[in-house]
Amino acid sequence: MNPYILAVMLFGLGLGTTITFASSHWLLAWMGLEINTLAIIPLMAQHHHPRAVEATTKYFLTQATAAAMLLFASTTNAWLTGQWDIQQMTHPVPTTMITLALALKIGLAPMHSWLPEVLQGLDLTTGLILSTWQKLAPFALFLQLQPNNPTLLIILGVSSTLIGGWGGLNQTQLRKILAYSSIAHLGWMTLIVQFAPSLTLLTLLTYFVMTFSTFLVFKINKATNVNSLAISWTKTPIITSLTPLVLLSLGGLPPLTGFMPKWLILQELTKQDLPLLATVAALTALLSLYFYLRLSYAMALTMFPNNLAGTTPWRFHSPQLTLPLAISTSATILLLPLTPTILALLTP
C-alpha cells in the first residue's frame, strides 16, 4: 500500500475513535464509529487474496448492521425522550437496542460469530488493530451508558466468557484462537462494567498489552497455526522461552499480569453479593487456560525435526523491530506487583 494512503487510513482510524471519545451526542458518536469502520476496510483488503476480501466483506456488513441499529436506537431515544445526550439514556427500549448494537460491534456472544471468521482472513498486523484499537470507541460508549440493563449485561458477559473458552478448545489456527480469547476477555469486561467501570478500563488496557505481545510473537515467528509454533525454538529461542509466560498471563495465572484484572473482578463481584456469578466466571477462565496451555506446550515442549529447512532461519537477521515486543512482554509478565499503584491511579 502507498505510504500516503496508509497514513491517511491510520489518521482516519485515530480521528474516528477520537470523535467518539469526545462526543456527548449520539449522532457524533455514530459518525466517529463510521469513520473508524471505513478507515480500516482498505487496510483489511490490502492483500489481494479472496480470504481477505471475504473477511472484509463480512466485517463491513456486520459493522454496518450494528451502526444502523445504533442510529435507529438513538433516534428512537430522541423521539421518546426528546434528547440526544449519551449520558441521559433513561428509556429501557433504546438503551437495550444500543447495548446490543455495541455488543455486535465488538463481538460479544451471542453476536460473536463474525469475529473468528474475520480475524482468520487478515494478516497479523491488521488483526492486531482489529483486536485492540477497534474496541476503544464502542467501549467508550459502553462506559457512558449508565444506568444500563444489568441482567442483559450479565447474560452477555457470562455467555462471552463461556463461548470464548469453549470455542477455542478445538482450534488449530492461531488467529481464531486469539479471536476466541478476545471474546472471553470482552465477557469479563462486560460482567463488571455496571459495578466498577474503572475495572473495565483496567481490564481493557491489560488485555491490549497482553494481546499486543502475543500478536508480535506470532508475527516474528510468521506462525499462523499451532504446528508452526514447534519450529520457533530454532528461530527465536529467547522469545520462545518467554512466550509461555505471555500466554499464561493471558490465561490469568498468578504471579503474572493477567491475574490482576481477573482477581479484582472476582473480588468486586463477590462484594456485590454475586458469588455464584464469580464462581461461574472463574470456571469459564479454566476453559481459556486450557488452550493457552496447549499453545505453550506446542511452542516450548515440542521440537520440530531439525532438518535443513528448520535450522536455517536462525542464521538470517530479522528486520522486524523487537523493542515494542520487549516492552509489551515485560509489561505482560511483570506488572502484578504494581497492582496497588494502578488501583490508586484508577480510583477517583
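Everything quoted here is computed from the prediction, not taken from an experiment.

The helix and strand inventory of the protein chain stands at 17 helices and 0 strands. Taking 2.2 N^0.38 as the reference for a compact globule, 348 residues should give roughly 20 Å; the C-alpha atoms of the protein chain span a radius of gyration of 20 Å, in line with that estimate. Each principal axis of the C-alpha atoms in the protein chain carries an extent, and together these give about 70 × 50 × 35 Å. By the burial criterion, 52% of the 348 residues in the protein chain qualify as buried.

With numbering matched to this structure, UniProt assigns "transmembrane region" (unreviewed entry) to residues 60-80, 92-115, 151-170, 177-195, 201-218, 238-256, 276-293 and 323-346. Helix makes up 74% of residues 238-256 and strand 0%, and the two end C-alpha atoms of the span are 18 Å apart. Within residues 276-293, the helical portion is 100% and the strand portion 0%, while the C-alpha atoms at the span's ends are 26 Å from each other.

Contact geometry of helix α3 (residues 50-81) with helix α4 (residues 92-106) gives a least axis separation of 8 Å together with a crossing angle of 165°. When the axis of α3 is compared with that of α4, the two are roughly antiparallel. The chirality of how α3 crosses α4 is left-handed. Along its contact with α3, which presents Thr62, Gln63, Thr65, Ala66, Met69, Leu70, Phe72, Ala73, Ser74, Thr76, Asn77 and Leu80, the element α4 presents Pro94, Met97, Ile98, Leu100, Ala101, Leu102, Leu104 and Lys105.

Thresholds, definitions, all that
Residues numbered from 1 in each chain as written. Predicted model: local features only at pLDDT ≥ 70, side-chain atom pairs only at ≥ 80, totals over all residues. Heavy atoms only, no water. Helix = DSSP H or I, 4+ residues; strand = E, 2+ residues; numbered from the N terminus. Rg over C-alpha atoms; globule rule 2.2 N^0.38 Å. Buried < 20%, exposed > 50% of the residue type's maximum accessible area, 1.4 Å probe, protein only. UniProt positions renumbered as here; feature names shortened; annotations may be inferred. Axes fitted to C-alpha atoms, helices over the stretch in contact; angles between N-to-C directions. Parallel < 35°, antiparallel > 145°, perpendicular 65-115°, else oblique. Left-handed = near helix turned anticlockwise from the far one by under 90°. Contact = heavy atoms within 4.5 Å.

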